[in-house]
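Overview (structure and organization)
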Amino acid sequence: MTLQHIENFRLTVLSPGGRDPEQKFHSVPDPGEGPHPPINLHAFAACTFGAFHSDTRRAAGENTPVLLLLRSDFRASERALIDLKREGRTVAVSLKETGLHQIAHQLRDPGKLSRFIKIVTQADACIATTPEAAEIYQRIRSKQDPATVAFIATPYPIEDQRWDFSMPRNEQSGIFVGTREWDVPSRNHFAALLVARQLCEATGEPVTVVNLDGYKGRRLLGELNFPEEKLQLIEKWKTYPDYLRDVARHKIVLQLDRSHVPGQVAGDALLCRIPCVGGDGAIERIAFSKTWGKGRTINEVSSMALDLLKNSDLREAVVAESQERARERLSFEAVRTQLAKFFANVQGTSACEQ
């Protein structure tokens, strides 16, 4: 595939019946520009200067390959697949929510499971935003070409200086806790808060926690008895740029998430140029391979975090390595190339089968 073919590649992302408005990415938007930031599944459209739609007819009208998101009860996704194939579009599918706990929750219903298997089998291809989701798709499509399933991590515009939210190191302090869900066991939010409290006591560093549970959340946090005036709460929804500015004020992001998610927490850390410690998302595995949590005990994660809080040179080294890895595999340019090559291969496979 030539450089010209890669540069000309466009992808349409379709979330049939979804609430996100139509968005065309003629260029990478400025922070705060447009209805949705160019992250998560929107980033696949943004990195290819494509489009994001919730209407199937408008998505088909883009005359590009389509990444069809599987959401809700999958009925709208199933209808969209039929319509797109009728229009001659090449269609790859992906679950909109791909944490292992989210996949398990979605596929508990026999009807949804039946539709899911049918859609995954009939699509031209599958794109997974986690390695675990890719393995699920591969097993369902066991009789089809394995090259029509790919793990492609969600990209981040790290090569774009407008999306560099880094702050001077002498203005950074404290720990940002990346999780916020008390009631999802695999998030391990309670354990992460205990680690953060211990690190706070050992170093004097403040801890920031997102609490969107109001009074109930404040009561739970109050029971942990953080040192006085060391616990800072974010209790209102913020724009994505403002949220990143808050994250960037810290020395590290800490979590103990074991949900096997795509890894937006780590992606946020990449844009903020700070280390992400302890999670197991796809972004962590690629960019923060020396500080991610898989195979490590809570004590080992705590020890890593303590070393990073105390040693600015170590933090700089982790950030430098994460940026290098991200440029190679997670930048908009890198993922645009991956997508262009993948769809070219899928279209070639389809032609051979015909």
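Higher on the page you've got the structure.
All values derive from a computational prediction rather than experimental measurement.

Quick word on the packing of aromatic side chains
With the rule as written, the count across this model stands at 7 aromatic pairs. Seen from their ring centres, Phe 74 and Phe 116 are 5.9 Å apart, and the 40° between their planes marks the pair as tilted. Taken together, the positions of Phe 74 in the loop between β4 (66-70) and α4 (75-86) and Phe 116 in helix α6 (residues 110-122) put the pair 42 residues apart, joining distant regions of the chain. The class for Phe 116 is buried, based on a relative accessible area of 2%. Between Trp 163 and Phe 165, the ring centres sit 6.1 Å apart and the planes meet at 55°, which makes this aromatic pair tilted. Neither Trp 163 nor Phe 165 differs from the other in exposure class; each is buried. Taken together, the ring pairs in this structure connect Phe 9, Phe 342 and Phe 343 into an aromatic cluster. Between the NZ or CZ atom of Lys 112 and the centre of the ring of Phe 74, over which it lies, the distance is 5.2 Å.

So, the nonpolar core
Within the largest apolar cluster, 80 residues are counted, with the highest numbers of intra-cluster contacts made by Phe 44, Ile 127 and Leu 339. If we skip the residues at most four places from it in the chain, Ile 127 touches Phe 44, Leu 67, Ala 92, Val 93, Ser 94, Tyr 137, Ala 150, Ile 152, Leu 339, Phe 342 and Phe 343. Within the second largest apolar cluster, 25 residues are counted, among which are Val 66, Ile 119, Val 120 and Ala 133.

What about helix α14 (residues 312-329)?
Every α-helical turn comprises 3.6 residues, leaving residues that sit three or four positions apart pointing alike. Here α14 is 18 residues long and its end C-alpha atoms lie 26 Å apart, about the 26 Å a rise of 1.5 Å per residue gives. Three or more residues of α14 are buried, namely Arg 315, Val 318, Val 319, Ser 322, Gln 323 and Ala 326. Within α14, the buried residues cover an arc of 135° as seen down the axis, which keeps them to one side. Those residues of α14 that are exposed and aimed more than 90 degrees away from the buried face are Asp 313, Glu 324 and Glu 328. Of the surrounding secondary structure, the elements contacted by the buried residues of α14 are β11 (252-254), α11 (264-272), α12 (282-287) and α13 (298-310). Measuring from the backbone nitrogen of Asp 313 back to the side-chain oxygen at the start of α14 gives 3.0 Å, which picks out Asn 311 as the cap.

Some remarks on the sheet that holds strand β3 (residues 51-53)
Taken in spatial order, the 7 strands make up an open sheet running β2-β3-β1-β4-β5-β6-β7, and their pairing is mixed. Edge strands, defined here as strands with exactly one partner in the open sheet, are β2 (23-24) and β7 (149-151). In the packing of α4 onto the sheet, contacts are made with β1 (12-14), β4 and β5 (91-95), and the angle to β4 comes to roughly 160°.

Things to note about the packing of helix α10 (residues 240-248) against α11
Each packed pair of helices is defined by two parameters, the angle between the axes and the distance between the axes. The geometry of α10 relative to α11 is characterised by a closest axis approach of 9 Å and an angle of 75° between their N-to-C directions. Classified by the angle their axes make, α10 and α11 are roughly perpendicular. Contact with α10, carried on its side by Tyr 240, Tyr 243, Leu 244, Val 247 and Ala 248, involves Gln 264, Asp 268, Leu 271 and Cys 272 of α11 and no other residues of that element.

Re the sheet that holds β11
If you walk across this open sheet you meet the 5 strands as β10-β9-β8-β11-β12, and the pairing is parallel. Of all the strands in the sheet, the pair left with one neighbour each is β10 (231-234) and β12 (276-277). Bridge count for strand β8 (residues 175-177) against strand β9 (residues 207-210) is 2 bridges, and the pairing is parallel. Bridged to Ile 175 within β9 is Val 207. Its contacts with the sheet place α13 against β8, β11 and β12, and it is angled at close to 165° to β11.

Brief notes about the state of the cysteines
By the definition in use, this model includes 0 disulfides. No disulfide involves Cys 272; its sulfur sits 10 Å from that of Cys 276, the nearest cysteine. Take Cys 272: its relative accessible area is 0%, and that puts it in the buried class.

A few points about α4
The terminal C-alpha atoms of α4 lie 17 Å apart, and with 12 residues this matches the ideal 16 Å at 1.5 Å per residue to within 8%. Taken as a whole, α4 has its buried residues at Ser 77, Glu 78, Ala 80, Leu 81 and Leu 84. The buried residues of α4 occupy one face: seen down the axis, they fall within an arc of 160°. Those residues of α4 that are exposed and aimed more than 90 degrees away from the buried face are Arg 79 and Arg 86. Directly after α4, the chain includes Gly 88, whose backbone phi takes a positive value near 85°.

How each quantity is defined
Residues numbered from 1 in each chain as written. Predicted model: local features only at pLDDT ≥ 70, side-chain atom pairs only at ≥ 80, totals over all residues. Heavy atoms only, no water. Phe/Tyr/Trp six-rings, centres within 6.5 Å; stacked < 30°, edge-to-face > 60°. Helix = DSSP H or I, 4+ residues; strand = E, 2+ residues; numbered from the N terminus. Buried < 20%, exposed > 50% of the residue type's maximum accessible area, 1.4 Å probe, protein only. Lys NZ or Arg CZ within 6 Å of the ring centre and 35° of its normal. Core = buried A, V, L, I, M, F, W, Y, C linked by side-chain atoms within 4.5 Å. Contact = heavy atoms within 4.5 Å. Expected span 1.5 Å × (residues − 1). Arc of directions from axis to C-beta. Polar contact = N/O pair within 3.5 Å; in protein donor to acceptor, adjacent residues only side chain to side chain. Pairing = 2+ DSSP bridges. Axes fitted to C-alpha atoms, helices over the stretch in contact; angles between N-to-C directions. Parallel < 35°, antiparallel > 145°, perpendicular 65-115°, else oblique. Disulfide = S-S within 2.5 Å.

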